[in-house]
Amino acid sequence: MKTITHILIISGDPFDRESFIDYCKREGLEIETRISFDFRDAEKIISSSEIDLVITDFQIGSRSVFDFLDKVGRIPWIVLTGYGSENIAVQSIKSGAADYFVKDPNQSYLPLLVNSIRKSICQSKDPEAGPIEEDSNLEKSLQLLKEE
């Protein structure tokens, strides 16, 4: 029996959300998603639902994810952005993000994102487990950013 991963997606872009959900299904990742269009609603969902992981856009409206972090608690979170920079990546990781990805039109970040979800969930359930894979998804994301 597979374990279902409960993911909160904080994003204003329905195409990105649906693409992610479809890709997870194709990859056999058992997920149940909750959707939030802003950080205020996300806070309510976190306090009232079982959430294993948060995937969030870096910025929604005028608020950045860094204004929201104290609400996440111990839940692993991953930052997505269409406007990546090394500064945002470093700030995300220093603030406790499990990973950081730059969204691209070809959606080449999706395989990396799914691997990061698996890794984050495994590590949150067993912090002593160590890394699942040697190569860092953050490094791959930064490389994609540099190539753009």
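Relevant structure appears above.
Overview of the structure. (Residues numbered from 1 in each chain as written. Predicted model: local features only at pLDDT ≥ 70, side-chain atom pairs only at ≥ 80, totals over all residues. Heavy atoms only, no water.)

## As for the nonpolar core
- The biggest cluster of nonpolar side chains holds 23 residues, and the ones touching the most others in it are Leu8, Ile10, Val54, Val65, Phe68, Trp77 and Val79.
- For this core, the secondary-structure elements that each account for two or more residues are strand 1 (5-10), helix 2 (39-48), helix 3 (69-72), strand 6 (77-81), helix 4 (86-94) and strand 7 (99-102).
- Ranked by residue count, the leading element in this core is helix 2, at 4 residues.
- When neighbours within four sequence positions are excluded, Ile10 is seen to be in contact with Ser36, Asp38, Phe39, Ala42, Val54, Ile55, Thr56, Asp57, Ile60 and Phe68.
- Listed in part, the 19 residues of the second largest apolar core include Phe20, Leu53, Val114 and Ile121. (Core = buried A, V, L, I, M, F, W, Y, C linked by side-chain atoms within 4.5 Å. Buried < 20%, exposed > 50% of the residue type's maximum accessible area, 1.4 Å probe, protein only. Helix = DSSP H or I, 4+ residues; strand = E, 2+ residues; numbered from the N terminus. Contact = heavy atoms within 4.5 Å.)

## Quick word on the packing of aromatic side chains
- Here the structure, examined in full by the defined rule, presents 2 aromatic pairs.
- Ring geometry for Phe39 versus Phe68: centroids 5.1 Å apart, planes at 25 degrees, classification stacked. On the criterion of sequence distance, the pair formed by Phe39 in helix 2 and Phe68 in the loop between strand 5 (63-64) and helix 3 is long-range, its members being 29 residues apart. No difference in accessibility class separates Phe39 from Phe68, as the two residues are buried.
- Relative to Phe66, the ring of Phe58 has its centre 5.5 Å away and its plane inclined at 65 degrees; by these criteria the two rings are edge-to-face.
- Here Phe58 falls in the buried class, since its relative accessible area comes to 13%. (Phe/Tyr/Trp six-rings, centres within 6.5 Å; stacked < 30°, edge-to-face > 60°.)

## Focus on the pattern of salt bridges
- In this structure the tally under the stated criterion is 2 salt bridges.
- Note that Asp16 and Lys103 form a salt bridge whose closest N and O atoms lie 2.8 Å from each other. A residue pair is termed long-range when its members are at least 10 positions apart, and Asp16 in helix 1 (residues 14-26) and Lys103 in the loop between strand 7 and helix 5 (109-125) qualify at 87 residues.
- Residue class for Lys103 comes out buried when judged on its relative accessible area of 17%.
- The partner of Lys103 in a salt bridge is Asp57, with the nearest N and O atoms 3.1 Å apart. Taken as a pair, Lys103 in the loop between strand 7 and helix 5 and Asp57 in strand 3 (residues 53-57) lie far apart in primary sequence, 46 residues in all.
- For Asp57, a relative accessible area of 9% translates into the label buried.
- Three or more residues joined by partner-sharing salt bridges are found here, namely Asp16, Asp57 and Lys103. (Salt bridge = Lys/Arg side-chain N within 4 Å of Asp/Glu carboxyl O.)

## With respect to the side chain of Asp57
- Within the local environment of Asp57, its side chain forms a polar contact with the side chain of Ser11, the two groups lying 3.1 Å apart.
- One polar contact links Asp57 to Lys103, side chain to side chain, over a distance of 3.1 Å.
- Residue contacts for Asp57: discarding those within four places in its chain leaves Ile10, Ser11, Gly12, Phe39, Val65, Leu80 and Lys103. (Polar contact = N/O pair within 3.5 Å; in protein donor to acceptor, adjacent residues only side chain to side chain.)

## Comments concerning the environment of Ile75
- Within the fold, Ile75 resides in the loop between helix 3 and strand 6.
- Judged by its relative accessible area of 16%, Ile75 falls in the buried class.
- Spatially, the C-alpha atom of Ile75 lies 9.7 Å from that of Ala98, the residues being 23 residues apart in sequence.
- Discounting residues that sit within four places of it in the chain, Ile75 has contacts with Ile46, Ile51, Asp52, Leu53 and Val54.

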